[in-house]
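The primary structure of each chain is shown beneath.
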Amino acid sequence: MGSVSNQEFPGVCKTEEDEGPSTEEDSQSFHGTGVCKWFNVRMGFGFLSMTKREGVPLDEPVDVFVHQSKLHMEGFRSLKEGEAVEFTYKKSSKGLESQRVTGPGGIYCVGSERRPKGKKVQKRRSRCYNCGGLDHHAKECKLPPQPKKCHFCQSIDHMVASCPIKAQQSSPSSQGKPSPLKGDEGGYSHPAPPPETSD
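Everything quoted here is computed from the prediction, not taken from an experiment. (Residues numbered from 1 in each chain as written. Predicted model: local features only at pLDDT ≥ 70, side-chain atom pairs only at ≥ 80, totals over all residues. Heavy atoms only, no water.)

Enquirer: Honestly, the overall build of the protein chain in this entry has me stumped. Any pointers?
Expert: Scanning the protein chain from terminus to terminus reveals three helices and five strands. Shown N-terminal to C-terminal, the secondary structure of the protein chain runs as helices and strands in the order α-α-β-β-β-β-β-α. Relative to its 199 residues, the protein chain shows a buried fraction of 30%. A fraction of 46% describes how many contacts in the protein chain between residues 6 or more apart in sequence connect residues 24 or more apart. (Helix = DSSP H or I, 4+ residues; strand = E, 2+ residues; numbered from the N terminus. Buried < 20%, exposed > 50% of the residue type's maximum accessible area, 1.4 Å probe, protein only. Contact = heavy atoms within 4.5 Å.)

Enquirer: Help me out: how do you make sense of the UniProt feature "domain: CCHC-type" (unreviewed entry) in the protein chain in this one?
Expert: Mapped onto the present numbering, the UniProt feature "domain: CCHC-type" (unreviewed entry) falls on residues 127-142. End C-alpha to end C-alpha, residues 127-142 measures 14 Å, and it is 0% helix and 0% strand. (UniProt positions renumbered as here; feature names shortened; annotations may be inferred.)

Enquirer: Would you mind going over the pattern of salt bridges with me for this structure?
Expert: Side chains that carry opposite charge are capable of pairing whenever their charged atoms lie near each other. With the rule as written, the count across this model stands at two salt bridges. Between Lys37 and Asp63 there is a salt bridge, and its shortest N-O distance comes to 3.0 Å. Residue Lys37 is located in strand 1 (residues 29-40), and its partner Asp63 is located in strand 3 (residues 56-67); the two are separated by 26 residues in the primary sequence. In this structure Asp63 comes out as partly exposed when scored by relative accessible area, which is 35%. With a shortest N-O distance of 3.1 Å, Lys80 and Glu113 are connected by a salt bridge. Of this pair, Lys80 sits in the loop between strand 3 and strand 4 (84-92) while Glu113 sits in the loop between strand 5 (95-102) and helix 3 (164-169); the two residues are 33 residues apart in sequence, bridging distant segments of the chain. For Glu113, a relative accessible area of 58% corresponds to the exposed category. (Salt bridge = Lys/Arg side-chain N within 4 Å of Asp/Glu carboxyl O.)

Enquirer: Mind showing me how you'd approach the packing of aromatic side chains here?
Expert: We describe a pair of aromatic rings using the distance from one ring centre to the other and the angle between the two ring planes. Within this structure, the stated rule accounts for six aromatic pairs. One aromatic cluster in this structure is built from Trp38, Phe45, Phe47 and Phe65. (Phe/Tyr/Trp six-rings, centres within 6.5 Å; stacked < 30°, edge-to-face > 60°.)

Enquirer: It is not clear to me how the nonpolar core should be interpreted in this structure. Could you clarify?
Expert: Formed by 17 residues in total, the largest nonpolar core has its most connected members in Leu48, Leu71, Leu79, Phe87 and Val101. Sorting the residues of this core by element identifies strand 1, strand 2 (45-53), strand 3, strand 4 and strand 5 as the ones contributing at least two each. (Core = buried A, V, L, I, M, F, W, Y, C linked by side-chain atoms within 4.5 Å.)

Enquirer: It is not clear to me how the side chain of Ser78 should be interpreted in this structure. Could you clarify?
Expert: Relative to the elements of secondary structure, Ser78 occurs in the loop between strand 3 and strand 4. For Ser78, a relative accessible area of 0% gives the class buried. Separated by 3.0 Å, the side chain of Ser78 and the backbone nitrogen of Ser112 make a polar contact. (Polar contact = N/O pair within 3.5 Å; in protein donor to acceptor, adjacent residues only side chain to side chain.)

Enquirer: Would you mind going over unusual backbone geometry with me for this structure?
Expert: Comment: phi is negative for the bulk of residues other than glycine, and the bulk of peptide bonds are trans. Of note in the backbone geometry, Glu54 takes a positive phi value of approximately 50 degrees without being a glycine. When its relative accessible area of 47% is taken as the criterion, Glu54 is described as partly exposed.

Enquirer: What should I look at first to understand the environment of Ala84 in this one?
Expert: Mapped onto the secondary structure, Ala84 falls in strand 4. The class of Ala84 is partly exposed, set by a relative accessible area of 35%. For the pair Ala84 and Val35, spaced 49 residues apart in the sequence, the C-alpha separation amounts to 4.4 Å. Those residues in contact with Ala84 that sit more than four places away from it in its chain are Gly34, Val35, Thr102, Gly103 and Pro104.

Enquirer: I keep staring at the pairing of strand 4 and nothing clicks. Help me out?
Expert: In regular strands, side chains alternate between the two faces of the sheet. Judged from the seven bridges that link them, strand 1 and strand 4 form a sheet pairing that is antiparallel. Residue pairing across strands places His31 opposite Thr88, the latter belonging to strand 4. Both strand 4 and strand 5 contribute to a ladder of seven bridges, which runs antiparallel. For Phe87, the partnering residue across the bridge sits in strand 5 and is Val101. (Pairing = 2+ DSSP bridges.)

Enquirer: Explain the confidence of the model for the protein chain here, please?
Expert: Interpreting fine coordinate detail is not advised for predicted regions of low pLDDT. Looking at the protein chain, the pLDDT average stands at 75 and 68% of residues meet or exceed 70. Across residues 1-25, where pLDDT falls below 50, the model places nine contacts with residues more than four positions away in sequence or in other chains. Every residue in residues 175-193 is under pLDDT 50, and counting partners more than four places away or in other chains gives 29 contacts. (pLDDT = per-residue confidence, 0-100.)

Right under this line is the structure:
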């Protein structure tokens, strides 16, 4: 079957009067409904099980490839197994590929609760060096330039490397010693002190 498909050329199976010369890029788009057959959240793709084509029920479900970039939803894009979907798709040399996938009636897809392990999909927890706020960088800060301040206690009198409050929270053996964060006047991304290390 693979050798036969290598000999087929675009437009051979279709009549040129109906659709004209065909290429993969401008192939006709179809509408289908069905459910998510499976979806790999780590790889970002899966297959839909189409049960209706252009509103007409199919005798047997047909598999349609789906990539996460085609999902209509916010945030991390994925599908839950068995989730009802509507989609447009096209025929390609690889088979049927979805072009846009939504929930029933065009709503957002629900998506899977699962998240890939080992990848950073959590919300960014950075600290702005300008205002000290979380989840944005100084270049994205909406405030005008602020005076430099300690990112541990927010005082403008000193930097985090010489913070007296931070020094008080350290163990008695480490009081009076220079902070392990010396030279970190640009700020530290976590407000909690680093774990103690034995010298």
